[in-house]
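Architecture and fold: a report
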Amino acid sequence: MAARFKVPGLAGELAAEFAGTMILILFGVGVVAQVAGGGIGDHDSIAWAWGLGVMLGVYVAGRISGAHLNPAVTIALAAFKGFSWRKVAPYSIAQFLGAFVAALIVRWNYTEVLHAADPGLTIKTQGVFSTLPGNGTLPVGEWGAFRDQIIGTAILLFLILAITDAAGTPPAANLAPFIIGLLIVGIGMAWGTDAGYAINPARDFGPRLASYFTGYGGAFRDQTGYLYFWIPIVAPVLGGLLGAGLYQALIGRFLPDESPQEPGQLPAEDTHETVEARRG
């Protein structure tokens, strides 16, 4: 078997974050384009495709970069789990670029369908690429969406840390990406109304910029004309910090160390190396 080409440290990690986030968006934005533009599918198919996109993106990038795929995850891991702060900006840029490129691919592939459904490329199909308060139709204001994104991303980070903490009861046999994918499905089904569950600044801003460059002149504003784009950037970062902090305060600091287990405790799998790789 031929030897694999080794990409130097950070460059390889950034390539993995780019590729993993691109896979995530190809499935996530792609399914919304199919539902909104083609009328094929519904909210449940959207939630499942986003979850599958996350799962597959994590499988792509996990061994190399930890598969953050989300600046809110990267920042929270730097704040609470020792991830290097010097990598936060490069990781975030790679994630944004992966989302941007994937959205351009979706926009190109669904050109005919989107133009047929919405010839003016208006708010009607803007939500294919970026989120809106109340999904563009329901009576939810900007601050309601801001609140929603803090809560949704806090849930995301709290549970990502619970799922991947080697000191807890992490899933064995490389099933953590599968469980995280189910987590995204659950968030989509339970927290998708008020703001479209962006819970990821790169997921929202990358496709939003791609749609702006390809004909959606109102991409940075919501259905009221408010300059909305900053909310799915700032609120998920705050929510991620809140969720990770709550996990550390309520669970992480009470988990047992490597000492022998007490009777009745669930046995911990030897997954330290895998989890550390996922964390970066």
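Residues numbered from 1 in each chain as written. Predicted model: local features only at pLDDT ≥ 70, side-chain atom pairs only at ≥ 80, totals over all residues. Heavy atoms only, no water.

**Side note on the overall build of the protein chain**
In terms of regular secondary structure, the protein chain is built from 11 helices and 0 strands. The secondary structure elements of the protein chain, listed N-terminal to C-terminal, are α-α-α-α-α-α-α-α-α-α-α. Looking at the protein chain as a whole, 50% of its 280 residues qualify as buried. The long-range fraction of contacts in the protein chain, counting pairs at least 24 apart against all pairs at least 6 apart in sequence, stands at 79%. (Helix = DSSP H or I, 4+ residues; strand = E, 2+ residues; numbered from the N terminus. Buried < 20%, exposed > 50% of the residue type's maximum accessible area, 1.4 Å probe, protein only. Contact = heavy atoms within 4.5 Å.)

**Examining the packing of aromatic side chains**
In the structure shown here, the tally under the stated rule is 14 aromatic pairs. Judged by centre distance (6.1 Å) and plane angle (40 degrees), the rings of F205 and F229 are tilted. Separated by 24 residues along the polypeptide, F205 in helix α9 (residues 201-213) and F229 in the loop between α9 and α10 (231-250) bring together distant segments of the chain. For F205, a relative accessible area of 22% gives the class partly exposed. (Phe/Tyr/Trp six-rings, centres within 6.5 Å; stacked < 30°, edge-to-face > 60°.)

**Quick word on the pattern of salt bridges**
Summed over all chains, the structure comprises 4 salt bridges. Linking D165 and K81 is a salt bridge whose minimum nitrogen-to-oxygen distance equals 3.8 Å. Pair noted here: D165 is in the loop between α7 (142-164) and α8 (176-190) and K81 is in the loop between α3 (71-80) and α4 (88-109), with a separation of 84 residues, a long-range link. Residue D165 is classed as buried on the basis of its relative accessible area, which comes to 7%. By relative accessible area, K81 is classed as partly exposed at 23%. (Salt bridge = Lys/Arg side-chain N within 4 Å of Asp/Glu carboxyl O.)

**As for the packing of α3 against α10**
Running from amino to carboxyl end, α3 crosses α10 at an angle of 40 degrees, the nearest separation of the two axes being 8 Å. Classified by the angle their axes make, α3 and α10 are oblique. Seen along the crossing, α3 lies across α10 with a hand that is right-handed. Seen from α3, the contacting residues are A72, I75, A76, A79 and F80; seen from α10, they are P236, V237, G240, L241, A244, G245 and Q248. Split into classes, the residues belonging to the contact of α3 with α10 amount to 9 nonpolar, 3 polar and no charged. (Axes fitted to C-alpha atoms, helices over the stretch in contact; angles between N-to-C directions. Parallel < 35°, antiparallel > 145°, perpendicular 65-115°, else oblique. Left-handed = near helix turned anticlockwise from the far one by under 90°. Nonpolar A, V, L, I, M, F, W, Y, C, P; charged D, E, K, R; others polar.)

**Focus: unusual backbone geometry**
Positive phi, normally seen in glycine, also occurs at L121, with a value near 50 degrees. Positionally, L121 belongs in the loop between α5 (111-117) and α6 (123-126). For L121, a relative accessible area of 10% gives the class buried.

**Some details on the packing of α3 against α7**
Two numbers describe how α3 lies on α7: the axes approach to 11 Å, and their chain directions differ by 55 degrees. Taken together, the axis directions place α3 and α7 in an arrangement best described as oblique. Note that α3 runs across α7; the crossing there is right-handed. Where α3 approaches α7, its residues A72, V73, A76 and L77 are matched on the opposing element by T153, L157, I160 and L161. Tallied by class, residues from the contact of α3 with α7 come to 7 nonpolar, 1 polar and no charged.

**Comments concerning empty space enclosed by the protein**
Scanning the model with the defined rule gives 1 cavity of 30 Å³ or more in all. Put simply, the largest cavity is a space of about 300 Å³. Lining the largest cavity are 23 residues, with V54, H68, N70, L156 and I160 sitting closest to its centre. The set of elements that each furnish at least two residues to the lining of the largest cavity consists of α2 (43-65), α3, α7, α8 and α11 (272-279). Split into classes, the residues belonging to the lining of the largest cavity amount to 15 nonpolar, 5 polar and 3 charged. (1 Å grid on protein atoms, 1.4 Å probe; cavity = no way out; pocket = protein on both sides within 12 Å on 5 of 7 lines; lining within 4 Å. Points joined across faces, edges and corners; volume = space filled by probe spheres on them.)

**Thoughts on the confidence of the model for the protein chain**
The predicted model of the protein chain averages 91 in pLDDT, with 89% of residues at 70 or higher. Per-residue pLDDT stays below 50 along residues 270-280; that stretch engages in 34 contacts with residues further than four places along the chain or on separate chains. (pLDDT = per-residue confidence, 0-100.)

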